[in-house]
Amino acid sequence: MPSLPHLPDILAETSLHAGSEPLSRQPEDVLRTVFGYPAFRGLQRDVIDTVMAGRDAVVLFPTGAGKSLCYQIPALCRPGLGIVISPLIALMKDQVGALEAAGVRAAALNSALDPEAREAVHGAIRDGSLELLYVTPERLGNEGFRRVLDTVPLALFAIDEAHCVSQWGHDFRPEYLSLSLLAERYPGVPRLALTATADPHTRTDLRERLRLDQAEVFQTSFDRPNIRYEIVERSNQRQQLLAFLARHKNESGIVYCLSRAKVEETAEWLCSKGIRALPYHAGLDAGVRAANQDAFLLHEGLCLVATVAFGMGIDKPDVRFVAHLDLPASVEAYYQETGRAGRDGAPSEAFMAYGMADVVQRRRMIAEGDAPEEIKRAEQAKLNALLGICETAGCRRQGLLAHFGETYPKPCGNCDTCLSPVDTFDGTEAAQKLMSAIYRTGQRFGAGHVIDVLTGKDTDKVTRFGHTALSVYGIGQDMPAKAWQSVARQLVAAGRLDVDHRNFGALTLTEASRAVLRGEERVELRRDRGAKSLKKASGARLASIADDLQAEDRYLFERLRRLRTQIARDNGIPPYVVFPDATLAGIALARPGRPEDLLAVSGVGQSKLDKYGDAFLDLVAAFEAGV
Ligand code: ADP
Ligand code: ZN
């Protein structure tokens, strides 16, 4: 324990810290020595200054921007205990583990603790030996806990995943509502609310509900430049998935499916193809679910096949891909789910395969749900906004950000439509043909049958209904069936056609169809790329951190990774808690010979140097000696 100089002006401050801490630490020092980073990123410094001055802050940064340091650092620099409110126990466990590895005295208090462990944490709070405490919102309402809190000075309250307080978003947690009381109960203790939600309505909502209308708001672009978006029409879904996964050998990622059955089938099938995949959905036995989640966090190169029950609060930084095998619920959901890729800032991919069947299914789910009419209409509009992005001929990123009210200045160059642009064509005549065929067949059939009629197929169904006799029979032979499917999807996405979910997805005409049929409106359509995949598009290969390394450095990098895996396994922690990839790449480049050289690598702090420094230095020395 460091001895404290007896200066009266600093005594007041240090006594609050129970004497176990070096004197008033500076944010830069903590950033360097504890977390091992050379500089703050983006607006981190501004947020920290605000909280250090005792003021409230609302932090709206996208995933991976580094929100955690915005409260962790002031909590370590201000006198007193920092309280972090977090909705999920799994999330707390991860964060506490990572902080402990960095030498921070952190703990979590939640219902998973037995009374004895809880008492130990209470004791640590009372004697001032804790710096950061993670709690669930329920815990703050607990009388016993509040009595313990009243005995110590508090550095700050950080409300993580603050969008959970809003009913508007999709992660609403009623317990969060009680957090509005913090302002009165702990006046003078600065509060921060943090979220990666990009939805403007939720953001205003959370400021009101958490009584943060006086707080300073820090907001950055919600763009995730390291994520590449790709949305394809579904043809052979499994083969499409396999081709996509081939670009991500030995990397971690998530495959989202809509139903539990599909999750299990897909995971099983991937395993049969030699891909290490595990299922995750709310119907699995709790033990299996937890084991699969832990495996995903602890091991490298696992593919987790999951329903949307998986993901919130998963902080794994090196998720390299997120694939959707079904249409997500909305643009917001899509952005949040794909946002779980690439927290570490390294190149990552978001992939979606979808088709008309998804549209029919989603419409039915909305219609058959028990929400009131106006909510159903809103959900329908959300679905249409997503379809618009799926069917755009323009840049996906521009479309996504525009949905959140942001203007991205130019096509991004890192999405499928930018990397391999799609042509557009005057689709007015094609639209008229399709609409006529729908009308002539009585607006009772799905896209498959209507297209059979258009392309002049003589299936049983076509013959049975006498559709060979229609004037529209065979008038669409100038385009293949696949192209017609694309036309149908685009017209539905644009509201120029509707699907009747009560009638097995029958295509029907809308008000907007009439204008097209009467020739009053021109229709611009995209010409789909067909089977040509991104992989073949020039320059489309995804870069990785190791790409920047020369062959020899790269070889060292791989050896460092193996050492990291070994250390992680021995300590029962995830590899990225030892060091992230970027830090290993930094070591491979710098080839540190002495502890102070290793400390200079970004991501190496004092505590990790003490714990793992020798092992990594020995490996570098052996490598340099040619061993
Ligand atoms: P968020 O909570 O905003 O999604 P995190 O706080 O989990 O993001 O940070 C994402 C990653 O960025 C983490 O691996 C973190 O250690 C790293 N990071 C944060 N701030 C910095 C910084 N100033 N310099 C380098 N890396 C940083
Ligand atoms: Zn783009």
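Please refer to the structure placed before this passage.
Presented here is an overview of the structure given in this document. Just so we're clear, the structure is a prediction, and the values are computed from it rather than from any experiment.

**Observations concerning the overall build of the protein chain**
Then comes step 1: On a plain count of helices and strands, the protein chain comes out with 28 helices and 17 strands.
Then comes step 2: Among the 627 residues that make up the protein chain, the fraction classed as buried is 52%.
Then comes step 3: For the protein chain, the share of sequence-separated contacts (at least 6 apart) that also reach a separation of at least 24 residues comes to 73%.
Then comes step 4: When the accessible area of the protein chain is evaluated, it comes to approximately 27200 Å², of which 51% is carbon and sulfur surface.
Then comes step 5: For the protein chain, the distance from the average site of its 75 positive side-chain charges to the average site of its 81 negative ones is 5 Å.

**Description of the coordination of the zinc ion (ligand 2)**
Then comes step 1: Taken together, the protein ligands of the zinc ion (ligand 2) are Cys395 (SG), Cys412 (SG), Cys415 (SG) and Cys418 (SG), with distances of 2.3 to 2.4 Å.
Then comes step 2: Viewed at the metal, the four donor atoms of the zinc ion (ligand 2) are separated by angles of 100 to 118°, and the geometry they form is tetrahedral.
Then comes step 3: In the primary structure, the donors to the zinc ion (ligand 2) are separated according to the pattern C-x16-C-x2-C-x2-C. Here Cys395, found in the loop between helix H16 (373-390) and helix H17 (396-403), pairs with Cys418, found in helix H18 (residues 416-419); they are 23 residues apart in sequence, far enough to count as distant.

**Focus on unusual backbone geometry**
Then comes step 1: Despite not being glycine, Arg211 shows a phi value in the positive range, around 55°.
Then comes step 2: Structurally, Arg211 can be placed in the loop between helix H10 (200-209) and strand S7 (216-219).
Then comes step 3: Unlike most non-glycine residues, Asn250 shows phi in positive territory, near 60°.
Then comes step 4: Note that Asn250 resides in the loop between helix H11 (237-245) and strand S9 (252-256).

**Observations concerning the site of ligand 1**
Then comes step 1: In the vicinity of ligand 1 there are 14 residues, among which Tyr37, Gly64, Lys67, Ser68 and Arg343 approach most closely.
Then comes step 2: Between ligand 1 and Arg41 there is a distance of 3.2 Å, counted from an oxygen atom to a side-chain nitrogen or oxygen.
Then comes step 3: Contact distances for ligand 1 include 2.7 Å between an oxygen atom and a side-chain N or O atom of Ser68.
Then comes step 4: Contact with the protein chains hides 82% of the accessible area of ligand 1, taken as 560 Å² for the molecule alone.

**Examining the environment of Asp318**
Then comes step 1: Structurally, the position occupied by Asp318 is in the loop between strand S11 (303-306) and strand S12 (319-324).
Then comes step 2: The spacing of Asp318 and Glu230 is 88 residues in sequence and 19 Å in space, taken between C-alpha atoms.
Then comes step 3: If we skip the residues at most four places from it in the chain, Asp318 touches Ser252, Asp344 and Tyr576.
Then comes step 4: A polar atom in the side chain of Asp318 sits 3.2 Å from the side chain of Lys316.

**Focus: helix H3 (residues 44-52)**
Then comes step 1: Turning to H3, its buried residues are Gln44, Val47, Ile48, Thr50 and Val51. One side of H3 carries all its buried residues, which in axial view fall inside an arc of 160°.
Then comes step 2: One or two residues past the end of H3 sits Gly54, with phi positive at roughly 85°.

**Re the pattern of salt bridges**
Pairing between side chains of opposite charge can happen when their charged atoms approach one another.
Then comes step 1: Under the counting rule described, the total for this entry stands at 41 salt bridges.
Then comes step 2: Note that Glu131 is salt-bridged to Arg105, the shortest N-O span being 3.4 Å. Of this pair, Glu131 sits in the loop between helix H6 (115-126) and strand S4 (132-135) while Arg105 sits in the loop between helix H5 (89-101) and strand S3 (106-109), and the two are 26 residues apart along the sequence.
Then comes step 3: If you follow the salt bridges from partner to partner, you end up with Glu233, Glu391, Lys482 and Arg489 in one network.

**Comments concerning the sheet that holds strand S5 (residues 154-159)**
Then comes step 1: With parallel pairing, the seven strands of this open sheet are ordered in space as S3-S4-S2-S5-S6-S1-S7. Lying at the two open borders of the sheet, with one neighbouring strand each, are S3 and S7. Going from strand to strand, the sheet's axes swing by 20° on average, the running direction of each strand aside.
Then comes step 2: Of the strand pairs in this sheet, strand S1 (residues 57-60) and S7 are connected by four bridges, and their pairing is parallel. Bridge pairing in S7 links Leu60 to Gln219.

**Some thoughts on the sheet that holds S11**
Then comes step 1: Within the open sheet, the six strands sit side by side as S8-S13-S12-S9-S11-S10. Their pairing is parallel. Two strands lie at the open edges of the sheet, namely strand S8 (227-233) and strand S10 (277-280), each paired on one side alone. The mean angle between the axes of side-by-side strands here comes to 15°, regardless of whether they run parallel or antiparallel.
Then comes step 2: Sheet analysis places S8 next to strand S13 (residues 348-354), joined by seven bridges and oriented parallel. Looking at S13, one finds that Ile227 is bridged to Ser348.

**A short note on helix H20 (residues 447-454)**
Then comes step 1: Here H20 lies mainly inside the structure; seven of its eight residues are buried.
Then comes step 2: The elements touched by buried residues of H20 are helix H19 (428-440), helix H21 (460-464), helix H22 (481-493) and strand S16 (506-509).
Then comes step 3: Two residues or fewer past H20, Gly456 is found with a positive phi of approximately 70°.

**Concerning the nonpolar core**
One broad trend across soluble globular proteins is that nonpolar side chains are buried collectively.
Then comes step 1: Ranked by internal contacts, the top residues of the largest apolar core, which has 133 residues, are Ile85, Leu133, Leu434 and Phe616.
Then comes step 2: A per-element tally of this core places helix H28 (residues 606-624) first, with seven residues.
Then comes step 3: For Leu133, the residues in contact, after removing those within four places along its chain, are Leu81, Gly82, Ile83, Val84, Ala107, Ala108, Leu109, Val121, Ile125 and Phe145.
Then comes step 4: Listed in part, the 34 residues of the second largest apolar core include Val104, Tyr134, Ala158 and Leu192.

**Digging into the packing of aromatic side chains**
Then comes step 1: On inspection of all chains with the given rule, the structure shows 12 aromatic pairs.
Then comes step 2: On the basis of an interplanar angle of 80° and a centroid distance of 6.2 Å, the ring pair of Phe579 and Tyr612 is categorised as edge-to-face. Residue Phe579 is located in the loop between helix H25 (575-578) and helix H26 (581-590), and its partner Tyr612 is located in helix H28; the two are separated by 33 residues in the primary sequence. As far as burial versus exposure is concerned, Phe579 and Tyr612 are alike and both buried.
Then comes step 3: Both rings, one in Phe579 and one in Phe616, keep their centres 5.2 Å apart while their planes meet at 70°; by these two values the pair is edge-to-face. Here Phe579, found in the loop between H25 and H26, pairs with Phe616, found in helix H28; they are 37 residues apart in sequence, far enough to count as distant. Residues Phe579 and Phe616 agree in their burial class; the two are buried.
Then comes step 4: Here the aromatic cluster, defined as three or more aromatic residues joined through ring pairs, consists of Tyr229, Tyr334, Tyr335 and Phe404.
Then comes step 5: The aromatic ring of Phe296 is capped on one face by Lys316, whose charged end is 5.4 Å from the ring centroid.
Then comes step 6: For the cation-ring pair, Arg527 lies above Phe425, with the distance from its terminal atom to the ring centre recorded as 4.5 Å.

Definitions and cut-offs
- Residues numbered from 1 in each chain as written.
- Chains lettered and ligands numbered in written order.
- Predicted model: local features only at pLDDT ≥ 70, side-chain atom pairs only at ≥ 80, totals over all residues.
- Heavy atoms only, no water.
- Helix = DSSP H or I, 4+ residues; strand = E, 2+ residues; numbered from the N terminus.
- Buried < 20%, exposed > 50% of the residue type's maximum accessible area, 1.4 Å probe, protein only.
- Contact = heavy atoms within 4.5 Å.
- Areas by Shrake-Rupley, 256 points an atom, 1.4 Å probe, with all protein chains shown as cover.
- Lys, Arg positive; Asp, Glu negative; His and termini not counted.
- Charge placed at Lys NZ, Arg CZ, Asp CG, Glu CD.
- Donors = N, O, S within 2.8 Å, 3.2 Å for Na, K, Ca; no water.
- Tetrahedral: all angles 85-135°; square planar, octahedral: opposite > 155°, others 65-115°.
- Near = heavy atom within 4 Å.
- Polar contact = N/O pair within 3.5 Å; in protein donor to acceptor, adjacent residues only side chain to side chain.
- Arc of directions from axis to C-beta.
- Salt bridge = Lys/Arg side-chain N within 4 Å of Asp/Glu carboxyl O.
- Pairing = 2+ DSSP bridges.
- Axes fitted to C-alpha atoms, helices over the stretch in contact; angles between N-to-C directions.
- Core = buried A, V, L, I, M, F, W, Y, C linked by side-chain atoms within 4.5 Å.
- Phe/Tyr/Trp six-rings, centres within 6.5 Å; stacked < 30°, edge-to-face > 60°.
- Lys NZ or Arg CZ within 6 Å of the ring centre and 35° of its normal.

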